[in-house]
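Geometric and topological summary
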Amino acid sequence: MKRNIRSMAAERDLRRILARKPLLAFDYDGTLAPITGRPEQTVTPPAIRDALRTLGLYAPVAILTGRSRDDAASRLQLPDARIIGNHGAEGLPDTDTAALQAQVQQWDALIRQHFSADIQRAGLYLENKGCSLSLHTRLATDANFARQLLRRIRLALPASAYCFAGKCILNIVPFNAPDKAAALHHLVANDQDMPGRPAIYLGDDLNDEVVFQRAPAHWMTIRVGPHRHSAARYYARRQQDVLWFLLITLNHLRR
């Protein structure tokens, strides 16, 4: 059974892993910042940003997000954090970003050519993030029509486009792009100061489950928002609990 991060078991596990100088890694939307109707409206809570900046003085910090790297960096303002964007597709040294962007641009043109009117009618929002696309559905005016439209779009895309749902969103990424799990394992394996260090990872959505599923036993994984089918070992009841966890972690590191 998964345990709450406020439990005694979670605190013992946290102390154990912090003694091994872990990489602290986080999703952004829904984890470090509340989810909003449109992605450009999202703001990082100042208390979370300040806690992350201070944590960076004691341990390496990484952000693994569906947003582009530039977008996430502008919202976090953490100059020392390692930021991986587009669900893992942007930010790793061996990734052919230009090739991924070329694929995504073709899909963007296809969708806009054939579905623009229906996207507008459904109240959806198509976002091109360079190495991935997102169709945001939180403001959909007709849920049934929106579901049918998303199905039609998925069928129109080539097999090289990998589509997966999230919280009020359909993500479209190149099938051969790295995911968040591959990105985090790369960061850990190639750490300049301590290769192979453990990791603590917090995330809230479907694209974070690949990290939870492929995490070694000595990592600590936390799902933000309880979910009985999540592979994470711990959970936080709500997004506001993330700040509590950051401050508890900081207190342990200071000691």
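Refer to the preceding data block for the structure.
Residues numbered from 1 in each chain as written. Predicted model: local features only at pLDDT ≥ 70, side-chain atom pairs only at ≥ 80, totals over all residues. Heavy atoms only, no water.

**Some remarks on unusual backbone geometry**
- Although it is not a glycine, glutamine 77 sits at a positive phi angle of roughly 55°.
- A relative accessible area of 44% means that glutamine 77 is categorised as partly exposed.
- Phi angles above zero are rare outside glycine, and asparagine 86 is one such case at about 55°.
- With respect to the helices and strands, the residue asparagine 86 is situated in the loop between strand S4 (82-84) and helix H4 (97-122).
- Under the relative-accessibility criterion, asparagine 86 is labelled buried at 1%. (Buried < 20%, exposed > 50% of the residue type's maximum accessible area, 1.4 Å probe, protein only. Helix = DSSP H or I, 4+ residues; strand = E, 2+ residues; numbered from the N terminus.)

**Concerning helix H1 (residues 8-18)**
- If you check which residues of H1 are buried, you get Ala9, Ala10, Asp13, Leu14, Ile17 and Leu18. Buried residues of H1, seen end-on, are gathered within an arc of 160° and therefore sit on one face of the element.
- Residues of H1 that are buried sit in contact with strand S1 (3-4), strand S2 (23-26), strand S9 (199-203), strand S10 (220-224), strand S11 (234-236) and helix H8 (241-254). (Arc of directions from axis to C-beta. Contact = heavy atoms within 4.5 Å.)

**A look at the packing of helix H6 (residues 180-189) against helix H7 (residues 206-213)**
- Between H6 and H7, the least distance of the axes is 7 Å, while the angle of their chain directions is 45°. When the interaxial angle is binned, H6 and H7 end up oblique. On H7, the residues touching Lys180, Ala181 and Leu184 of H6 are Asn207, Asp208, Val210 and Val211.
- Residue composition of the contact of H6 with H7, grouped by class: 4 nonpolar, 1 polar and 2 charged. (Axes fitted to C-alpha atoms, helices over the stretch in contact; angles between N-to-C directions. Parallel < 35°, antiparallel > 145°, perpendicular 65-115°, else oblique. Nonpolar A, V, L, I, M, F, W, Y, C, P; charged D, E, K, R; others polar.)

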